[in-house]
Amino acid sequence: GIHLNSMYINNYFVTPVWSEMKPDFVKSLNKASDPYIKEAKKSKEAKAHLKAHGDFGRAWHSTQLVTDTEFMDFRNYVGQKAWEFLDHSGFDMTKYQTFFEQCWVQEFAKKGGGHHSAHIHWNTHVNGFYFLKASDKTSVPVFHDPRTGARTTTLHMKPNLKGVWTGHEQVHFKPEPGLLIFFPGYVQHEFSVDHGKAPFRFIHFNITAVLKEMAKDVV
C-alpha cells in the first residue's frame, strides 16, 4: 500500500499482467512460423477473400501449434511461466495440471487494416502473446478492465493524464520482437487497427488449468 497524507491506500482485486523481454525464441520461431503463414493464405476462403478484397484487413491465422516440435521449447517455457503466474495468485497448483488449450501464430495484412475486436477465450485461465515482428508503427494489444461494476460506473477522467491510473478503463502495451505477456483468461483484449507500415506477427496462447483427477480425461 501507499501513504497519502494520513490515508493508507490499499489496492485490492488487482489484475495481474506479467511481461518480459525474451528474445531467445524470435529468430527460430519466425522461421518455424513462415510455412504456417504461407499456408494460411492458400485456403479456399483465403483465396476468395484475396481475389475479392485483396490483402487488406486480414489477420492471417495458422493452424494449432500445440504438437509441432519446432515450438516445443517455447511451449515448455510458457507453460512453466503460466503455472507460476497462477501459483503467484495464491491458487493451490498442487491440485491442477495446465494444458495448452490453443496456440497459434498470426500475421496482420501487409496492406493494413488487420485487427481484433475485444474478446475473451472461454474456459481458459492464462492467456498471452509472444511478439515475433512488431515496431512502433504496428498494432498494439489493448486490455480492458475486467471489473463490470467499475466499467458501468466509471467517471470522466482528467484531461492530459500521464501514465496509467486506477480509473483507466483500458491499457495497452507497445510491443517489440521478443516481448512476452501473460494475463488472466477473464481479461477482455483486442488489437488496434494496424496501418500496414511494418510487419506484425505474434503467437497467441491460451492455457487451461484442470484438476489432476480430471486431467486423465483431457485429450
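Our subject is the structure listed above.
Since we're looking at a predicted model, the values are computed, not measured.

Procedures and definitions
- Throughout this document, residue positions are counted from 1 along each chain, in the order its sequence is written.
- The model is predicted, so local features are restricted to residues of pLDDT at least 70 and side-chain atom pairs to those at 80 or more, both for listing and for counting; the totals for chains, interfaces and linings are taken over all residues.
- Calculated side-chain values reflect all of the structure's heavy atoms, with hydrogen atoms and water omitted.
- Definition used for salt bridges: Asp or Glu carboxyl oxygen within 4 Å of a side-chain nitrogen of Lys or Arg.
- Strands are runs of DSSP state E lasting at least 2 residues, helices are runs of H or I lasting at least 4, and numbering of each runs from the N terminus.
- Relative accessibility under 20% of the residue-type maximum defines a buried residue, over 50% an exposed one, and the middle range a partly exposed one, all with a 1.4 Å probe and only protein chains included.
- Between two residues, a contact is recorded if the distance between any of their heavy atoms is within 4.5 Å.
- The charged-residue count follows a simple rule in which Lys and Arg add positive charge and Asp and Glu add negative charge, with His and chain termini not counted at all.
- Here a polar contact is taken to be a pair of N or O atoms separated by no more than 3.5 Å, where protein atoms must pair a possible hydrogen donor with a possible acceptor and residues adjacent in sequence count only if both atoms sit in side chains.
- Each Phe, Tyr or Trp ring, with Trp reduced to its six-membered ring, pairs with another whose centre is within 6.5 Å; inter-plane angles below 30 degrees give stacked pairs, above 60 give edge-to-face pairs, and intermediate values give tilted ones.
- Comment: the charge-over-ring label is applied if NZ (Lys) or CZ (Arg) is within 6 Å of the ring centre and within 35 degrees of the ring normal.
- Any two strands with at least two DSSP-identified bridges between them are counted as paired.

Chemist: What should I look at first to understand the pattern of salt bridges in this one?
Modeler: Here the idea is simple: oppositely charged side chains can pair when their charged atoms come close. All told, the structure shown has seven salt bridges when counted by the stated rule. Between Arg58 and Glu45 there is a salt bridge, and its shortest N-O distance comes to 2.9 Å. Here the residue Arg58 occupies a position in the loop between α2 (44-53) and β4 (59-61), and Glu45 occupies one in helix α2, the gap between them amounting to 13 residues. Given a relative accessible area of 47%, Glu45 falls into the partly exposed group. In the salt-bridge network here, residues are joined through shared partners; they are Asp34, Glu107 and Arg201.

Chemist: When you look at the environment of Lys47 in this model, what are you seeing that I'm missing?
Modeler: Within the element layout of this structure, Lys47 appears in helix α2. Those residues in contact with Lys47, other than ones at most four positions away along the chain, are Lys41 and Lys42.

Chemist: Help me understand the side chain of Asp55, please; the structure alone is not making it clear to me.
Modeler: Inspection of the secondary structure assignment puts Asp55 in the loop between α2 and β4. Here Asp55 sits buried without a salt bridge, and the closest side chain of opposite charge, Lys41, lies 5.0 Å off (N-O distance). A polar side-chain atom of Asp55 sits 2.5 Å from the main-chain amide nitrogen of Lys110.

Chemist: Even after reading the chapter, I still don't get the packing of aromatic side chains, so can you show me in this structure?
Modeler: Note on aromatic pairs: each is described by the distance of the centres and the angle between the planes. All chains considered together, the criterion is met by 25 aromatic pairs. Pairing Trp18 with Phe85 gives two aromatic rings, centres 5.1 Å apart and planes at 70°, and the pair type is edge-to-face. In this pair, Trp18 sits in strand β3 (residues 18-21) while Phe85 sits in helix α3 (residues 72-88), placing the two residues 67 residues apart along the sequence. Under the relative-accessibility criterion, Trp18 is labelled partly exposed at 26%. Ring centres of Phe74 and Tyr130 lie 5.2 Å apart, and the angle between their planes is 45°; on these two criteria the pair is classed as tilted. One end of the pair, Phe74, is in helix α3; the other, Tyr130, is in strand β7 (residues 126-133), with 56 residues separating them in the sequence. Judged by its relative accessible area of 1%, Phe74 is buried. An aromatic cluster of three or more residues is present, and its members are Phe108, Phe129, Phe131, Phe143, Phe173, Phe183, Phe191, Phe200 and Phe202. The ring of Trp60 has Arg58 lying over it, and the distance from NZ or CZ to the ring centre is 4.6 Å.

Chemist: Could you clarify how one ought to interpret unusual backbone geometry in this entry?
Modeler: The phi angle of most residues is negative, glycine excepted, and most peptide bonds adopt the trans form. Look at Asn123: it is not a glycine, yet its phi comes out positive at around 55°. Summarising the element assignment, Asn123 is placed in the loop between β6 (116-119) and β7. In this structure, Asn160 is a non-glycine residue whose phi angle is positive, near 60°. By the secondary structure assignment, Asn160 is in the loop between α4 (148-152) and β9 (170-172). Residue Asn160 is classed as exposed on the basis of its relative accessible area, which comes to 72%.

Chemist: Where do I start with the pairing of strand β12 (residues 201-211) in this structure?
Modeler: The two faces of the sheet receive side chains in turn, since in a regular strand these alternate between them. Across the eleven residues that make up β12, a large majority, ten, are buried. Here strand β5 (residues 96-108) runs beside β12; their pairing, made up of eleven bridges, is antiparallel. Bridge assignment links Gln102 to a residue of β12, and that residue is Asn206. Sheet analysis places β7 next to β12, joined by seven bridges and oriented antiparallel. Residue pairing in the sheet places Lys133 in a bridge with Arg201 of β12.

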